[in-house]
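# Geometric and topological summary
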Amino acid sequence: MGKVKWWSVRAALTAAVILAGSSAAPAGQAPAASPERLPTDEEWRAHARQDVEASYAIYKAQHPGMLDPANPGFAELLERARAAGLEAAKKADSHGTYSTALATFSAELNEGHAQAFALPLPTGLAPPVKAEWPGFLPVWRQGALVVRDAAPDSPVPTGTRILSCDGIGIRDFLSQRLRTRYIRPREEGQFWSRGPLAFYTAPTSTTRARECRVSTPDGAERDLKLTWSEAPANWRERFNFALSGDRLPIGLTEPRTGLFHVALPDFQPDDKGAETYKAMFEQIDKQHARLSAGRAVVLDLRYNNGGSSSWSYKLARRLWGDAEVDGAMERYFAGTEIWWRPTEETIAHLRENAALARRRGETQSAERQEKFVAEMEATRERNQPFHIQKFGALPMSERSMAPVKGKLAAPVYVIMPGYCASACLDALDVFTRFEGVKLVGAPTSGDSTYMEVRLQDLPSGRGRLVVPVKVWVHRPRGNGEVYQPHIAMNGLDWSTAAFLDRIEKDLARTR
């Protein structure tokens, strides 16, 4: 993979699950998924049990944590996940409760890169679930859940703080009720990104709130009994806007004189998106002098759920310089190693990545990846448990976290959302190596040290498993560590205009 390896391709997953009801019965061997009919209750339980057992077996055989000397408790954790998933599988009698069984298995692992999740039912096989809401949409701000979007008949106005629900403080309430909706409560950004989902759910859910203690904008506190009704058809768009503001396409613009905005909503672009990135990089190359002389450059990571860290690396090299980026990252990753599980599935995954790079015309990248695949195959032939990649070229004693000066003279503001993880965090690792960079927005989510995922279908054909294939050793950013903003955007408005206003205010203050 060449000298600089930290930007290797990886996928990211965001799984949204709506909970449903429950029942109980014994489990058995599940038949393959049928596109013609819905499974019976007994078949749902068999599907759930089979897929939990398969998830356990795949992780036991292939997850790096099983052989990670820094994580001796992983095998026991995996056993607990299996037991919890199988217990939930006893209650599976529908697509929703099948989903819950996989989510229960995943919740025990509590890791974004190790999840089992249900696939949607085929179109037309079952009537669509009409999700419900209580007439308002909250967002997480300053450690509190605050109403951001209220319907005309909402029982509370915008700006109302939700203090507790069903007698449980709001943070604990969200941690408990969203446990099987993939929240990771140790990471602050998860409350920003997943907290609102507690107020959008299926009619059959038994986890939604019945009564909440609220504080209205005038400071008055009262108990509010929630009345749930069908959510509006445009709920998803309203949710996305409340959470992240307006979504801008990949590109460089100058929305205000001397203020250059680089939109980075996607590190998993399709071929068209990849071409858009290339065009934007060429534009930056041509206009670098203008950007450097400008008032500020804004790097916007809203809507970014990760993907390939190569895009942020390529952008950084154009902004701050090739040698400057390489040198800063070599010092940052001094002493770091990456241990890869050389399984057949991992090697096939890497071979597919190389083919993708070649199809996109990225010949040098493809050649690096093909060489690495050959190295992995040789490690597998030697029957070694890990292929150890000496990622950090420098010894640990030369590690440096100090920001360096690059070729970009203008200050840089990086907009980061609460769901920023995986390759989005890799981008922050790079951007924060340089002087004059400020982070604006919310605390991020975190990554474990288990990375570079592939997807594997589960035996029933109704679920899929996210399988990490490597473990970072001596990575500077710790397991689950998050980035905190220098400038917190605690207001309800997360539009581009609101961010630019806040950045201009900071620029005026620092003149």
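Residues numbered from 1 in each chain as written. Predicted model: local features only at pLDDT ≥ 70, side-chain atom pairs only at ≥ 80, totals over all residues. Heavy atoms only, no water.

Right, let's talk about the overall build of the chain for a bit. Check the secondary structure of the chain and you find 13 helices and 19 strands. For 511 residues, the compact-globule estimate of 2.2 N^0.38 gives 24 Å, and the chain sits close to it at 24 Å. Each of the three principal axes of the chain carries a C-alpha extent, and together these read 65 × 65 × 40 Å. Across the 511 residues of the chain, 57% fall into the buried class. Of all intrachain contacts in the chain linking residues separated by at least 6 positions in sequence, the fraction that spans at least 24 positions is 76%. In the chain, which carries 66 positive and 61 negative side-chain charges, the distance between the mean positions of the two groups comes to 2 Å. (Helix = DSSP H or I, 4+ residues; strand = E, 2+ residues; numbered from the N terminus. Rg over C-alpha atoms; globule rule 2.2 N^0.38 Å. Buried < 20%, exposed > 50% of the residue type's maximum accessible area, 1.4 Å probe, protein only. Contact = heavy atoms within 4.5 Å. Lys, Arg positive; Asp, Glu negative; His and termini not counted. Charge placed at Lys NZ, Arg CZ, Asp CG, Glu CD.)

A few words on the packing of helix α7 (residues 271-293) against helix α8 (residues 310-320). As a packed pair, α7 and α8 sit with axes 9 Å apart at the nearest point and diverge in direction by 20 degrees. Our classification of the angle between α7 and α8 gives roughly parallel. Helix-helix and strand crossings are classified by hand; for α7 and α8 the assignment is right-handed. Seen from α7, the contacting residues are Ala274, Tyr277, Phe281, Ile284, Asp285, His288 and Leu291; seen from α8, they are Trp311, Lys314, Leu315, Arg318 and Leu319. (Axes fitted to C-alpha atoms, helices over the stretch in contact; angles between N-to-C directions. Parallel < 35°, antiparallel > 145°, perpendicular 65-115°, else oblique. Left-handed = near helix turned anticlockwise from the far one by under 90°.)

With that settled, consider the nonpolar core. Leu264, Leu299, Trp320 and Phe431 are the most contacted members of the largest nonpolar core, which totals 55 residues. Here this core takes 7 residues from helix α12 (residues 423-431), the largest share from any one element. If sequence neighbours within four positions are ignored, Phe431 has contacts with Leu264, Leu299, Ser312, Leu315, Ala316, Trp320, Val414 and Val437. Formed by 51 residues, the second largest nonpolar core is a distinct cluster that contains Leu145, Phe173, Trp192 and Trp235. (Core = buried A, V, L, I, M, F, W, Y, C linked by side-chain atoms within 4.5 Å.)

Residue placement: Trp340 occurs in strand β13 (residues 337-340). For the pair Trp340 and Val471, spaced 131 residues apart in sequence, the C-alpha to C-alpha distance is 6.6 Å. Separated by 3.0 Å, the side chains of Trp340 and Gln389 make a polar contact. (Polar contact = N/O pair within 3.5 Å; in protein donor to acceptor, adjacent residues only side chain to side chain.)

Next up on the list: the sheet that holds strand β19 (residues 487-488). Hydrogen bonds between backbone atoms are what pair the strands of a sheet, whose relative direction is either parallel or antiparallel. Taking strand neighbours across the sheet as the criterion, the 6 strands line up as β10-β11-β12-β15-β16-β19 in an open arrangement whose pairing is mixed. The sheet is open, and its two borders are formed by β10 (251-256) and β19, each paired with just one other strand. Across the sheet, α8 lies against β11 (259-263), β12 (296-300), β15 (412-416) and β16 (437-441), angled at about 180 degrees from β12, the strand it touches most. Strands in contact with α12 are β12, β15 and β16; relative to β15, the strand with the most contacts, it is inclined by about 160 degrees. (Pairing = 2+ DSSP bridges.)

So, on to the pairing of strand β4 (residues 144-150). Most of β4 sits inside the fold, with 6 of its 7 residues counted as buried. Across 6 bridges, strand β3 (residues 136-141) lies against β4 in antiparallel orientation. Opposite Val139, over in β4, you have Val146 as the bridge partner. The turn joining β3 and β4, which pair antiparallel and follow one another in sequence, is formed by 2 residues; a positive phi near 50 degrees is taken by Gln142. Both β4 and strand β5 (residues 161-165) contribute to a ladder of 2 bridges, which runs antiparallel. Within β5, the residue paired with Val146 across the bridge is Arg161.

Any functional reading would require information beyond the geometric quantities listed.
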